[in-house]
Amino acid sequence: MSTPTPEEINAENHAMAAAALTLATTELEFRVELLNKMVSSCHNKCAAKPPKEGSLSVGENSCIDRCCSKYWQVVAIVGQLLGTSK
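Structural notes, computed from the coordinates. Residue positions are counted from 1 within each chain, in the order its sequence is given. Per-residue local features are limited, in this predicted model, to residues with pLDDT of at least 70; the limit for side-chain atom pairs, both in listing and counting, is 80 or more; totals at the level of whole chains, interfaces and linings are taken over all residues. With hydrogens and water set aside, each side-chain value is computed from the structure's full complement of heavy atoms.

Quick notes on the pattern of salt bridges
Then step 1. Salt bridges are counted wherever a side-chain nitrogen of Lys or Arg sits within 4 Å of a carboxyl oxygen of Asp or Glu. Throughout the structure, instances matching the rule amount to 2 salt bridges.
Then step 2. Measuring nitrogen to oxygen at the nearest pair gives 3.1 Å for the salt bridge that ties Arg-31 to Glu-27. Taken together, the positions of Arg-31 and Glu-27, both in helix H1 (residues 6-46) and 4 residues apart, correspond to about one turn of that helix.
Then step 3. Measuring nitrogen to oxygen at the nearest pair gives 3.1 Å for the salt bridge that ties Lys-37 to Glu-33. Numbering of helices and strands runs from the N terminus, with a helix taken as a DSSP run of H or I at least four residues long and a strand as a DSSP run of E at least two residues long.

Here it is as structure tokens:
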């Protein structure tokens, strides 16, 4: 086996950095989509239609807070299950 040249090492490092950037971008897009789905789901469940006031009531705020908490708990459980299935 021969020792890799500096150009080969640089190309390999560049490819690894590009792959890491692609992975990070995909994860960020997934997290944004997850957040948007949570906001939409909890707002549809908890906010009055049509809106009664310019801002959410105490009950609506409480409902949204509980909904978001449950949503993240489920995301954590699914993540753990997917992590252990590998």
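Having put the structure on the table, let's press on.
Things to note about the state of the cysteines
Then step 1. Any two cysteine sulfur atoms lying within 2.5 Å of each other are counted as a disulfide. In the structure shown here, the tally under the stated rule is 2 disulfides.
Then step 2. Put simply, Cys-46 and Cys-63 are joined by a disulfide, and their sulfur atoms are 2.0 Å apart. The S-S bond linking Cys-46 to Cys-63 shows a torsion near -60°; that makes this disulfide left-handed. One end of the pair, Cys-46, is in helix H1; the other, Cys-63, is in helix H2 (residues 58-84), and 17 residues separate them in sequence.

Remarks on the packing of H1 against H2
Then step 1. At a minimum axis distance of 9 Å, the contact between H1 and H2 shows a crossing angle of 140°. If you check the angle between H1 and H2, you find them oblique. Two packed elements cross with a definite hand, and for H1 against H2 that hand is right-handed. Each of Leu-34, Leu-35, Lys-37, Met-38, Cys-42, Lys-45 and Cys-46 in H1 lies in contact with H2, whose residues at this interface are Glu-60, Cys-63, Ile-64, Cys-67, Cys-68, Tyr-71, Trp-72 and Val-75.
Then step 2. The class makeup of the residues in the contact of H1 with H2 is 12 nonpolar, no polar and 3 charged. Orientation is described by lines fitted to C-alpha atoms, with helices fitted over the stretch in contact, and by angles between N-to-C directions that extend from 0 to 180 degrees. An angle below 35 degrees is read as roughly parallel, one above 145 as roughly antiparallel, one from 65 to 115 as roughly perpendicular, and any other as oblique. Should the near helix be turned anticlockwise from the far one by less than a right angle, the crossing is left-handed, and should it be turned clockwise, the crossing is right-handed. The criterion used for residue contact is that any of the two residues' heavy atoms lie within 4.5 Å. When residues are sorted by character, Ala, Val, Leu, Ile, Met, Phe, Trp, Tyr, Cys and Pro go into the nonpolar class, Asp, Glu, Lys and Arg into the charged class, and all the rest, Gly among them, into the polar class.

Examining H2
Then step 1. Multiplying 1.5 Å by the helix residue count minus one yields the expected span of that helix. The first and last C-alpha atoms of H2 sit 39 Å apart over 27 residues, in line with the 39 Å expected at 1.5 Å per residue.
Then step 2. Turning to H2, its buried residues are Glu-60, Cys-63, Ile-64, Cys-67 and Cys-68.
Then step 3. Packing partners of the buried residues in H2 comprise H1. The buried label applies to any residue whose accessible area, calculated with a 1.4 Å probe on protein chains only, is under 20% of its type's maximum; exposed applies above 50%, and partly exposed to all values in between.

Everything listed is a geometric property; what it means functionally is a separate question.
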